[in-house]
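# Structure assessment
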Amino acid sequence: MYTQKCIQCQEEYPPEKIVYTCPKCGGLLEIVYDWSGLSINKKDFNAIPLSVWKYKALLPVKREPISINEGGTPLYLCDRLSEKIGINKLYVKHEGLNPTGSFKDRGMTVGVSIAMELGMKTVACASTGNTSASLAIYGAKADIPVVVMLPAGKVAMGKVAQAIMHGAKVLSVRGNFDKALKLVRELCDDEGFYLLNSVNPYRLEGQKTIAFEIADQMGWEVPDRLVLPVGNAGNISAIYKGFKELYNLGLTDRIPKMTGIQAQGSCPVVNAFKQTQKDIIAIPDPETIATAIRIGDPVNAVKALRAIYESGGVSESVSDDEIVTAQKQLARIEGIGVEPASASSIAGLKKLIQTGLITQDETVVCVTTGHLLKDPEEVLSICEDAIEIDATAESVRRAVFQ
Ligand code: F0G
């Protein structure tokens, strides 16, 4: 049993009502459950392989889900990197190893399953890339048409390739992500398409399983802190909700400090946090190398700021140079290949250790949200070129030892 509840005015709406924000006050919605009849025990999870659907009892989907084996991503202990940056224990939860290469699959397996339960005929989203790639693939699997809107010229190549290959109708909007999101919301309202951006509270239910998996993988101990990139601000809100639910169910004994990182040219949540505001002032022309989080008016900002304040976390911004340095370090010291937005979590952790806001004795989990191969053009622009040589042993030797 569950409802969709406004986080602002507390009004509740039935599960089958198609609403994305509160019709009464405009507030964001979240799914709230009546779990009074639910008896759940850590032992219930023993010996079941990790995946989003391992936690079906804590999710809203009733039907057989539209699934391509999402979740179950590794939690790497990063000894060498933690020593280098000066932290007791650093884990990386590599969400880039989901089926489409990002954490969005957790949200889409739930979101598209709900769309089918509700009998929707078309699904749609605006995206900086990963959401569109994921929706295209889950739409294909569910046999439902997909419309996606991307900011023209600002989406990494791998993500566009996925969206077009899997058969979505891809619209390249002359404008940034925030404008594309406004347009797709209007389209969904006018045409009855189902909106699967992270303003949709069902999608965030899938993403809260990142918290469930981290707790599960750590033997139901939770880390002191979670560090992750913030764009449209859905994921940090979802993961916080997941940790809160585990705590309220008595499965864990505390909630980690939620720590949100943004790029310097695109950091409305950080600005609000630093001025202890509950909501953001939008940035009209966001810019960063981390195109996935190039968002000036994040729709879930109020939820994200609540997550940060309530958990005792912080929010910090990092420069593009710091992002690139962290991306290379993670790749070359730990063998973890991530796209720039994901590396911002490591860059943010380093900065917060240097400024003393994170102390050395903490156990930290950084969430790396997307795979390196999503943005090969960025990689080629920041790394050494391959060395072209003649096909002779002499040339090989000269190149190897130069
Ligand atoms: N990391 C990556 C790789 C992303 O693609 C995104 C968001 C984020 C972090 C931020 O997550 O929006 O929940 O705060 N990408 C969206 C998209 C906006 O359209 O693919 P968030």
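Residues numbered from 1 in each chain as written. Predicted model: local features only at pLDDT ≥ 70, side-chain atom pairs only at ≥ 80, totals over all residues. Heavy atoms only, no water.

## Examining the sheet that holds strand β1 (residues 2-6)
One open sheet holds the three strands; their spatial order is β2-β1-β3, and the pairing between them is antiparallel. A strand with exactly one partner marks an edge of an open sheet, and here the two such strands are β2 (12-13) and β3 (29-33). (Pairing = 2+ DSSP bridges. Helix = DSSP H or I, 4+ residues; strand = E, 2+ residues; numbered from the N terminus.)

## Some remarks on the domain arrangement of the protein chain
By the assigned domains, the protein chain splits into domain 1 (1-39), domain 2 (75-101 + 203-382) and domain 3 (103-199). For domain 1 and domain 2, the distance between their C-alpha centroids amounts to 26 Å. On the side of domain 2, ten residues touch domain 1, which itself brings nine residues to the contact. Between domain 1 and domain 2, roughly 820 Å² of surface is buried when both sides are summed, and carbon and sulfur atoms account for 62% of that area. On the domain 1 side of the interface with domain 2, the three residues burying the most area are Ile-7, Leu-28 and Trp-35, jointly 55% of the side's total. Across the contact surface, domain 1 and domain 2 share zero salt bridges. Along the contact surface separating domain 1 from domain 2 lie five residue pairs in polar contact (both at pLDDT 80 or more). Residue composition of the side of domain 1 that touches domain 2, by class: seven nonpolar, one polar and one charged. (Domains from an automatic or database assignment. Contact = heavy atoms within 4.5 Å. Buried area = accessible area lost by both parts, 1.4 Å probe. Salt bridge = Lys/Arg side-chain N within 4 Å of Asp/Glu carboxyl O. Polar contact = N/O pair within 3.5 Å; in protein donor to acceptor, adjacent residues only side chain to side chain. Nonpolar A, V, L, I, M, F, W, Y, C, P; charged D, E, K, R; others polar.)

## Considerations on the site of the ligand
Taken together, the neighbourhood of the ligand is formed by 21 residues, with Ser-127, Asn-232, Ala-233, Asn-235 and Thr-369 sitting nearest. For the ligand, an oxygen atom lies 2.7 Å from a polar atom in the backbone of Asn-232. Protein chains shield 99% of the accessible area of the ligand, which is 470 Å² for the free molecule. Residues of the shell around the ligand, tallied by class, amount to eight nonpolar, eleven polar and two charged. Two domains each provide a minimum of three residues to the shell around the ligand, namely domain 2 (75-101 + 203-382) and domain 3 (103-199). (Near = heavy atom within 4 Å. Areas by Shrake-Rupley, 256 points an atom, 1.4 Å probe, with all protein chains shown as cover.)

## Observations regarding the nonpolar core
Membership of the largest hydrophobic core comes to 117 residues, with the highest contact counts inside it found for Leu-90, Tyr-194, Ile-239, Phe-243 and Leu-349. Considering every element that reaches this core, the biggest residue donor is helix α12 (residues 340-354), with seven residues. Residues contacting Leu-90, with those up to four places away along its chain left out, are Tyr-76, Leu-77, Cys-78, Leu-81, Ser-82, Ile-85, Leu-349, Val-364 and Cys-366. Counting five residues, the second largest nonpolar core, distinct from the first, contains Cys-6, Tyr-13, Val-19 and Cys-22. (Core = buried A, V, L, I, M, F, W, Y, C linked by side-chain atoms within 4.5 Å. Buried < 20%, exposed > 50% of the residue type's maximum accessible area, 1.4 Å probe, protein only.)

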